[in-house]
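# Remarks on the overall topology
This is what each chain is made of:
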Amino acid sequence: MFVLGIGGFMHDYNCAIVDLKGRRVAMFEAERLSRRKHHLIQKDDDLLAPIRICCDALGIAPRHIDVVVFGHADPFPCKAWLKEQLGHRKSYHEVDHHLCHAAGAFFSSGLESASIVTLDGFGDGASGVLAHGRGNAIDVLERLSDQDSIGLEYTRATYHLGLGGYGSEGKTQGLAPYGQPTLYERYMEQIEILPGGNLRLGAQLRTQVSRLAVEGGYLNSLLMNNDFLDEHLSRRIDPEPLTREHMNLAASIQKTLESVAVRLCAIARERTGEADLVLGGGVVMNSSLNGRLLAENYRRIYPLPMASDRGIGLGAALYHVHQVLKEPRFFQLDSVFHGQSFTDRQAEAAMRRAGLRVVRDGDAVETGAKTLAAGGIIGWFQGRSEMGARALGNRSILGDPRKAEMKDIINARVKHREWFRPFAPVALAEHAADYFDFPAGVADLDFMTFTTPAREKAKELCPAVVHVDGTARLQVLRSSDSRPYAALIRRFGELTGVPVLLNTSFNDQGEPIVESPDEAVRTFLKADMDLLCIGNVAGYKS
């Protein structure tokens, strides 16, 4: 039996297929094909395109799919179109949006039991759930109303700051350490956390989300405003300068989010008696929040790497397989590399079409490490692409972290984005604790989902990856990682004495992460990079 989960009907359209007999999972995101970041479904979209990618990965055709599970109970016109295209002889089901967030995280975690907290903007009338996961079952303890959404308030603050709407919340997180949380107490006066773990927002924060969502979701401007923000600060219109007041608002909403989420997770732990915590929903993409939870003495913390709606297709499929069909659990997400891969021949052809000077020396690691050690910036493209919003070494732009000015160079001349945006360090497991401070064994840091304090050694030797507040969104490569990425970091360390690299996603401002060699070449040509490595093929600008 093949079970197809489909999600992202409001944004981030994606799918996953679970092969029950072969115990295999394939998944893919539409934005990697459409080149529209956070892929919002449009009238003429080929909605089967990501499904075909998953089918190809499993060696099947769409006709072989037996069950289709929609990760949203709200009515979306595209559901009827999908049924028409996939065929009415299949079995069709719907799963509540936040159960999909919970299922994707819990059934991927490898944990037999855990407390589960999902926090999101909104979906199917809710903004999150507190739940108890045990074996094949997820029992919902509290369902948070979409009118009382702390996640949506974070998005509203982002919009009010002129940083963008949905999908731009990471900018607010990056800006927050530059300010002081001057509005924190006023925010908390508007937020009541009930003993059972539910939320009640005050009149200045609440809105009729369900109605407005139907009328346009995150594109509805009425959804993006409230009295609280209007009262305390005029909305900034880009490119107006960022002032101290803007930085203070960012700091205030970040501290508010952390306070609320930490308390909700504590209540979930109290109610379930579980020392292990599983996290899902778009709010969980906030790595500073996740880092804050590392200090709360959980035995294990697992945030789904694709915690936003990018993981809804996976959650819908796993919910049906385990909670409905009662199939034994077999899947643990130890890798997010489920995208497409390309040959050296395809890479060389793409480079030559664009007029790059091509070298096939078969040693991308040595070439890349020497370029980085000399202060160069490289585009690094290897193997299958990553699922999710974070580049984890297969579609990355890499730089030398030893130079503090590298942060400003890459922001301005490579990524073409705001000056305050931080970059992530990547380190090998055997060296990471020398540079960064994190509790051993509590969380898997391979997915770049946690912010951790930087040690003095990191601040001194790799300042380009330490944010203004002394933290870093760290990726720690497992000792078993055999990818060229790990070998590159190791060789860079041998050449420089610093086994840490600066890593950011291989994309330009406003674009999805590159998927194909042609896209990598186009981005390379637009950016101030020195070297492009695709497989074993090196490309240089003529």
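Residues numbered from 1 in each chain as written. Predicted model: local features only at pLDDT ≥ 70, side-chain atom pairs only at ≥ 80, totals over all residues. Heavy atoms only, no water.

## Here we look at the sheet that holds strand 22 (residues 537–540)
Working definition: the strands of a sheet are paired by backbone hydrogen bonds and lie parallel or antiparallel to each other. Short version of the rule: Two strands are counted as paired when DSSP detects at least two bridges linking them. Numbered from the N terminus, helices here are DSSP runs of H or I no shorter than four residues, and strands are runs of E no shorter than two. All axes are obtained by fitting lines to C-alpha atoms, using only the stretch in contact for helices, and the reported angles, taken between N-to-C directions, cover 0 to 180 degrees.
Ordered in space as 13-22-21-14-15-20-16-19, the eight strands form an open sheet in which the pairing is mixed. A single partner strand is all that each edge strand has here, and the edge strands are strand 13 (357–359) and strand 19 (475–477). Each adjacent strand pair in this sheet contributes to an overall mean axis angle of 30°, direction not counted. In this sheet, strand 21 (residues 531–534) lies alongside strand 14 (residues 378–381) in parallel orientation, the contact comprising four bridges.

## Details of the pairing of strand 1 (residues 2–7)
Definition in use: Note on exposure labels: buried denotes an accessible area under 20% of the residue type's maximum, exposed denotes more than 50%, and partly exposed covers the range between, all computed with a 1.4 Å probe on protein chains only.
Where burial is concerned, most of strand 1 is hidden: six out of the six residues are buried. Here strand 1 shows two buried faces, one formed by Phe2, Leu4 and Ile6 and the other by Val3, Gly5 and Gly7. Bridge count for strand 1 against strand 2 (residues 14–19) is six bridges, and the pairing is antiparallel. Bridging from a neighbouring strand, isoleucine 6 pairs with cysteine 15 of strand 2. Two successive antiparallel strands, strand 1 and strand 2, enclose a turn made up of six residues, where glycine 8 displays a positive phi of approximately 80°. When strand 1 meets strand 4 (residues 67–70), the two strands line up parallel, connected through four bridges. Following the sheet pairing, leucine 4 is matched in strand 4 by valine 68.

## With respect to the packing of helix 13 (residues 344–353) against helix 19 (residues 517–526)
Applicable threshold: When describing relative orientation, an angle under 35 degrees is termed roughly parallel and one over 145 degrees roughly antiparallel, while 65 to 115 degrees is termed roughly perpendicular and anything else oblique. Here a crossing is called left-handed whenever its near helix is offset anticlockwise from the far helix by less than a right angle, and right-handed whenever the offset is clockwise. A contact between two residues is defined here by any heavy atoms of the two lying within 4.5 Å.
Across the interface, helix 13 lies against helix 19 with an axial gap of 9 Å and an inter-helix angle of 40°. When the interaxial angle is binned, helix 13 and helix 19 end up oblique. For helix 13 against helix 19, the interelement crossing comes out right-handed. When helix 13 is examined against helix 19, the residues Gln346, Ala347, Ala350, Met351 and Arg353 are found in contact with a partner set consisting of Pro517, Asp518 and Val521.

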